[in-house]
Structure formats: structure tokens, C-alpha cells
Amino acid sequence: MHNRSETSSGSEMCGDDECQLEKQRSPEPLLIPPSSYPKPAPTPVHGKPACAHTEKPCRNCRNLHKKLKTVFSSHELLSTRRGIPRPPGETSNRSRERIIGSTSDLKSSDLSLGLVRDVRMSKVCNNCNQQVVECQSCQELSDILGLENQEISDSAYIQLRKVRNSPQWDESTFIVKRDRQLAKSARRLHSKDSGGLKSLLKIYVDSPVLQSAELLFAPGSGASNTGADFGFPAIRSIDPNVLDVDFAKACFRRCQSSHGPTCGNVDALISTSKPSIYLLDLESQCLVKATVDHEYVALSYVWGRSTSDFECRKANLKQFLEPGSLNDPDFFIIPPLVSSAMDFTRQMGQRFLWIDRYCIVQDDGRHKHEQVMAMGTIYANACFTIVSADGDASIGIAGIGTPASHGTRHRNVFKSVGDIEILYGMRYKALPTNTSWASRGWTFQEQMFSRRLVIIFQGQFIWKCKKSLCQEAFSNEVVLEAWEQRSFVDSLQNPGWPDHDLFRRLVENYSKRTLSFPCDSISAFSGVLTTLRNSFPGGFLFGLPESYFDVALLWQPGVPVQDRCQLANAVGKPVEPLPSWSWCRWQGTLNFSNWLAGNDCLLLSLYSQNICSISPIVTWSKFNTASGARTAICNSYANFRNNTHHSTLPKDWTKDEGLQHKTIKHDYRFRFPVPLAATTDSYNTTMPEQWNTTIVGTVKRAFVVLGEEIPLTPRQEAMLGICSWRYLQNQAGQIIGVVCSNSVHSSKRDLHTQEIFKPSPWSYDADQAEMIAISRGEFHIAMDSRPIGYPEELFQQWELAQRQKERVYTFYNVMWIERIDGVAARRALGRVLQRAWDSLKADTIEIVLG
């Protein structure tokens, strides 16, 4: 039995020499106050007293603490009577040049904070050598930056950097010259009232996931205009108890007065009709019938775990329409989020609110279908949309209504250095993606169509419109350039032409999201399809544009994907018919890089552009579900390519280093004229034609041998994903092509061990595959050493080696099919060298593909 003794600090220590704990020195102050974290329960180990795992921050966090202290405290210099700080060692105010800060403080402020894996790792307690939770400062950084997102690589490095758009001083010497205007700015910047030098430091994470966000630090000292004098982000102190509704009102007013038609007008190509809708009237406290002409607010949210199943139905619609019904707690049973949204709408001075659960009659099939089809119009006409990005409907908005019932917000104080509070703020250029709201399928189009968004994220307001983004933690807005708005794909304007690359990015982003009902993949995307269908001749068939049907069939899995129909059946959800040949049938990360072939209409460069042209070889037809009538799919894109060399241009097209049309925005240049958007309204209240999941066409069919797996290079992994690529061989064993299967590459099986989708057993030799040729392709490789356009990395090295002397690789796109109840289903997609396919004994058959 061990003898216990008391330390000078009063804590117990084991009397056994072998078990004696080292007396702990007073640790350096943590970046985050320890009181904000729950301490693990002490557990006796090896006869020692219970250890509370009290330890210092990790080395990287200690370095961060030291750097923040050095940089920010060095700027809290004693001010002279005129407000300019006196450098150390200087006694006279008549210096020819006045040094503002230590040259090394900011010039060398870049500081390595290790790798993401260092932040995610658990640490070893200095007292008991047990594995414990992360360093508390690391945990705080991880929470703020969202480093738990597994899309952020473990090997991504983290740095502390100086914000480069700093005030107008010479960075090499960091001194203020004798320029009067600059001296005046310096005095204002260093005045006692403004709290010292307003420098900014930021955390940089080398990951594409965080390319549109940065974590900034600045000395606060109670000032609310940090950095505003020089136009860079001005960090404000956040009230932990109440959301700043006045801030949201100011953003709304500024947008209305300054952004003009960009944010004020609804895109005419979205809809010119005015569908009827129901709205919650917060003044009369009932549901009212209206049109989208009314000024109203919309709510975008995740229903989630809310226990309330109350909704608008045929049986209670009459009571919903009675004035005062929303005040009846026995009737209008709503979750906390809805209550918060109603309170916030009133505080913003608005009367009407649209919430899908209460403004759509859920058991009226025709009404529900009309509202779903008009979803783009509904959100586009809302004056702004409230987005609850934190949690689901069971959680109210902190700071709206009663703070105690809705939780509390945290102040944005990272730590204190002397009398200076170091404030932090996550500054976004695009909407945060590490939220449950951003991962749900139905919220995608709600975000796309809304002209203005008021997002509640991590207890703070983010205001996002089509021209700027404002945050409650900053006093100035981030003005978004046009190229930034297009690159982030977080809003939608109809392009007015069949912009296949825009559609590719929309589907790519949407397909990563999850749905509570797996087979809702088309319904939750219907607003986007309805809006874009006038720009794509023939519209869409199960999410594929008919005008680019050959190209649209070329999607690939990025990782082994799940069959939505099988998944819905397994979890007891409704099973809707979805075709195997469309992306809408599959859940998981899909690769749409082959859709870049649809960009062959664009002129990106005269000499440095790689072009992949896809040509049709099959005439596909679809079937009307009701009548069974057979109709040809409008696969017309190749017809426009034939106009490349025509001397006579269609009306309103001009030629100047490429073709341009006056109605197409963003200065696109084309290689040939493309069809323009139809002028008829895209919204239709009638039920659309319903098409069967099967398509039929006359194809060439051959049986080939599956060869060896192709090694996966890091570059190809980044472009193509981790699915297994294999060689295709003829009966003589010669390699003729490649195919990508829905199984994980052997080098990645430790990361993804389960092949989720397993087709039924083959009715013939498992080493063979039944292939059908679905289109013909030509890959034209530019002479430039650094070409742009269609990436070479989308092809395997064997394929590139087959290109002819004129630098053109010709091939057939082939689909590996499996027969199920007499209907062919897609199993995989590949390519075969044209001359090799032509040499096979391929037979001609009519295929029914479902």
C-alpha cells in the first residue's frame, strides 16, 4: 500500500519512489480558457492518485501563443502626445522617421503550426502518460476551422501568416515615412481610442476545402473597427447573448439601395409567371393564399430529429386559414427553429413567411407537385431566405427569442494579452460547407435560387447576396468579383445557352449531398432542372440533358457508390423507379470530369486548347409512361458543331477571335454557334409528361476479356477518384481499352474495404464482359507544353500512347452491361481504341437499357 504525501500546492502524491509524480510547474496560459472545456474525470492509475491530465498546450500552440503575444503586445506601445508610438531607445519626438513596430515582428510572422494530423491527434498526459483528448487550443482551432472534415487531408499544413493587404507602409523596413497623409493615417491607427496598431494575422490551411475561408486574429481592446481604416477585414466583438438584428437590417438596406437589379430583380429566365402559394401571415396569425408577388421571407432548414409531425394537410387546411390559428398552441405545434424564424422575421420588419412544411398541402399530390416544380420561383422571389445552418428544427436560433431556451453564443475572444483582447473571426467568401444544412439534398436548390441569404452559422449572422458577403464578426463586407461568384457555384442564374460546364458543376455539388428519402434525387433537384430546361433543347431526362445525351451518359463513380433503390428498400423508404444509366440512381461521390467534353463549343485558346469531341453513333428513344409512345431523344449537340466553318453567321452572332452573342454574359467566346434559351416561360402548372426508365437503341455489341488492374497515380486519384481501372483485352489477349468499375482500387482497399454494389451473378464467364458502343470520341491534343481545356489526365497512359502522328486519339465509349429480367443495366463505363473495336466481331442488336 502506497504512502501518500502532500505537495506544497496541496495535491496528493504517491509516496513510492517509482511512482512519484513530478511536481508540476505553473503552465503557460492557454490560448483558450480551460474553464470553457469539461475536464475528464480523474482515474487512478498504477497506484498513483487520480490525475486531472493538467498539462501545457502542445508545442505548436505554445509557439502560436508566443507569436500572438509578441506581435500584438509590441504594438501596444506608449503613444506620444501626437499619437505616434515612440520606438525603443528613442527619446526625441523629432526623429526623421518613426518606427511603428519591430521589423521582425511582422516581416517574419509566418509560423508553421504543423500538419492537420497534429491537431487531430490525441496527446500523452505529462503526469500519467495516458492518451488523452487533444490539446485544448488545438481543439479550439479544429472547431473553428472545421478540421474534423475528413475531406481535409491529414498532411495539409497549417501556418500563421500576416494578412498581406496591410496598411501603406514599407514592409521591408516597416517604417512610416514623412508623408503627411500617411502620418495622419498612422496617428489615427495608433491613437489611444482605437486601441493600438490594427494588424491582422490569419491561420492558413493548405486545403482546397478551406480555400474560401480564413481565420483572422486582431487586437480588440474593445474597439469595433479593427482594420476598417485601411479597408481590410474589421473584426467586431460579438455580444454572446443576443444576435445583432440591426446588423442584418443594415445589410438588407444596403443591398436594396446599392446592388440595384443584380440582387433586386428576379432572373426573368427563372420564371415570368406568378404561381399561387400559401404564406404564414404573422400579423393575422394564419395561413393566407397569395402569389410570389407578395414581399415575404422564406426559411431553409433541416427537419432532422424534431419530434413534431404537425404539417399542413387537407384535413386541417381550413383551420390553418382561420385568423389567429397560429396562436393556438394546441393546434400550431411547432419546433423551436420555426418559432425563432417567426420571431426573427417580425424583428426584420416583415409580415409574411414561407415554410414548406406549413405552406404546402403535404397530402395533396397535384398541389405538392406544382409547388415542388415552382421551388426555384418561390425562393427566387423571397426578399431574403433565413438559413439555419446549425443543427436541425429541434434547435432554435441562439440569441433570438429567449436565450436560455435556445442556447447561448460564444464571444469571439481567442485569448487576452495584457489589456488587449485578441479577437478572431472566420471570414468567408463562399458559404460554409461543414454544416448539416450544406450536406442535405433539398437545401441545395433553396440556396441556388435565393437572391439573399441570412445564414445563422455557429451562432453568428452571415449575410450573402449576389454581390457581397457580410458577417456579424466583421464591420465591412466582402465584395465578390464576378469570377468568384461563378467559381463558388452557390447561386444560380440562367445562362441563356446550354452551358454544360455550369450544369456539370451543379450536379457535381448536388450529388455529394444526402437525402432522407434516397429516391428523391430528381425531385430535390427539380427546381434546377425546371429553370435550366429552356436553355437545353429537349430539356432533361432523369437528370441528363437530352441535347448532350451522349456526353451526359459518360459519368463515372469516384468511389464505390450505392444503388439508391436498393438503399431505399433496405431502410424501408419509398422506392421510386430510377434508371441505372443516370447519375440520379447512385448515392456517393461521382466523377463528372468526362462531361468537360461538352465544353468543345468554347474557344479557350487558339493554339493551347485540348479538345475532346464526342459524336453520336446511336439513336436513342424514350417511352411515355402513360401511352407507351416511343419518342426520339433530342441528342442534337453534334449538329451545331458542323457549323464551325460556315461563313454566314446566325442573327446577332459576331466574329472576333471567336464567336460571341450579345445576350450571353461573361464574355464567352465560341468555336461555333450554340442554341440560345427559349423565350417561353419555364414554369408550367400542368403535370409534365412522365417517361419510362428504359431507353432503346440499335448498338454494336461485343464480348471482351477483363485484364489486369491499372496502377493509380496520385494525379489520377485527384482527377478520377479511387475506383479500380482495368485493361480490356480481345480474345487474343491484346490490350484494346480500359474500363472503370464500381469497386475500390486495390491500393485503397484499406481505406474503403467494402464493395457496396454487387450485381447478380454472371450468366457467362466472369472474366468476360458484354460491352456496347454508345458514342465515338476524338481527343485533340494541343502542341503547347502546358495546354488548357480537356485534361490529359482523364486518359490512361496506354491510351495516350495510341494517339496518331497528328496528335489525335480516336476511341469508342463503351458501356459494360448486365442483363436483369431481360433489360440491360449499366455496370461500368470504359473506352476502346477505335481501330481495335472495329476489328472485333461486333454484332448489331437492339438494346433496351434500364
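These numbers were taken from a predicted model, which means no experiment stands behind them. Sequence positions are assigned chain by chain, starting from 1 and proceeding in written order. Residues qualify for local features only when their pLDDT is at least 70, as the model is predicted, and side-chain atom pairs are given and counted only at 80 or more; totals for whole chains, interfaces and linings, by contrast, use all residues. Excluding hydrogens and water, the side-chain figures rest on all heavy atoms present in the structure.

Draft legend 1. Structural view of the overall build of the chain. Counting secondary structure elements, the chain contains 23 helices and 40 strands. Relative to its full complement of 850 residues, the chain shows a buried share of 54%. We call two residues in contact whenever any of their non-hydrogen atoms come within 4.5 Å of each other. Relative to all contacts within the chain whose residues are 6 or more apart in sequence, the contacts with residues 24 or more apart total 73%. When the accessible area of the chain is evaluated, it comes to approximately 38,700 Å², of which 48% is carbon and sulfur surface. By the criteria applied, helices consist of DSSP H or I runs no shorter than four residues and strands consist of E runs no shorter than two, each listed in order from the N terminus. Relative accessibility thresholds used throughout: buried, under 20% of the residue-type maximum; exposed, over 50%; partly exposed, between the two (1.4 Å probe, protein chains only). Note on areas: Shrake-Rupley with a 1.4 Å probe; residue coverage comes only from the protein chains shown.

Draft legend 2. Spotlight on the nonpolar core. Put simply, a nonpolar core is a bunch of buried Ala, Val, Leu, Ile, Met, Phe, Trp, Tyr and Cys residues held in one set by side-chain atoms that sit within 4.5 Å of each other. One finds Phe-344, Trp-354, Phe-525, Trp-583, Trp-595 and Trp-620 to be the most contacted residues of the largest nonpolar core, which totals 165 residues. The element that contributes the greatest number of residues to this core is strand 38 (residues 808-820), accounting for seven residues. Beyond its immediate stretch of four places on either side in the chain, Phe-525 contacts Phe-444, Gln-445, Phe-503, Leu-506, Val-507, Tyr-510 and Trp-583. Phe-217, Met-426, Ala-438 and Ile-455 belong to the second-largest nonpolar core, a separate cluster that totals 43 residues.

Draft legend 3. The pairing of strand 35 (residues 735-744), seen in detail. Counting buried residues along strand 35, nine of its ten residues qualify, which places the element largely inside the surrounding structure. Strands are treated as partners if at least two bridges between them are detected by DSSP. Alignment of strand 34 (residues 723-729) against strand 35, held across six bridges, turns out to be antiparallel. Each bridged residue has a counterpart across the sheet, and for Leu-728 the counterpart in strand 35 is Gly-737. Counted along the chain from strand 34 to the antiparallel partner strand 35, the turn is five residues long, and its residue Gly-733 has a positive phi close to 90°. Pairing analysis gives four bridges linking strand 35 to strand 39 (residues 823-833), with the strands arranged antiparallel. Its bridge partner being in strand 39, Cys-740 is matched across the sheet by Leu-829.

Draft legend 4. Main features of helix 6 (residues 245-258). Here helix 6 contains 14 residues, and its C-alpha end-to-end distance of 20 Å stays within 8% of the 20 Å for a straight helix at 1.5 Å per residue. Taken together, the buried positions of helix 6 are Val-245, Phe-247, Ala-248, Cys-251, Phe-252 and Cys-255. Viewed along the axis of helix 6, the buried residues span an arc of 160°, placing them on a single side of the element. Projecting away from the buried face of helix 6 at angles above 90 degrees are the exposed residues Asp-246, Arg-253, Ser-257 and Ser-258. By this rule the span expected of a helix is its residue count minus one, scaled by 1.5 Å. Read the arc as the range of directions from the helix axis to the C-beta atoms.

Draft legend 5. Broad picture of the environment of Ala-234. Within the secondary structure, Ala-234 sits in the loop between strand 10 (213-219) and helix 6. Along the sequence, Ala-234 and Phe-474 sit 240 residues apart, while their C-alpha atoms lie 5.1 Å from each other.

Draft legend 6. Fine view of the pairing of strand 19 (residues 460-465). Buried residues dominate strand 19, accounting for six of its six residues. Of the two faces of strand 19, the one carrying Gln-460, Ile-462 and Lys-464 and the one carrying Phe-461, Trp-463 and Cys-465 are both buried. Where strand 18 (residues 452-457) and strand 19 come together, six bridges link them in antiparallel fashion. Looking at strand 19, one finds that Phe-457 is bridged to Gln-460. In this antiparallel pair of consecutive strands, strand 18 and strand 19, the connection spans two residues, and Gln-458 shows a positive phi of 50°. Pairing of strand 19 with strand 20 (residues 468-471) involves three bridges; the strand directions are antiparallel.

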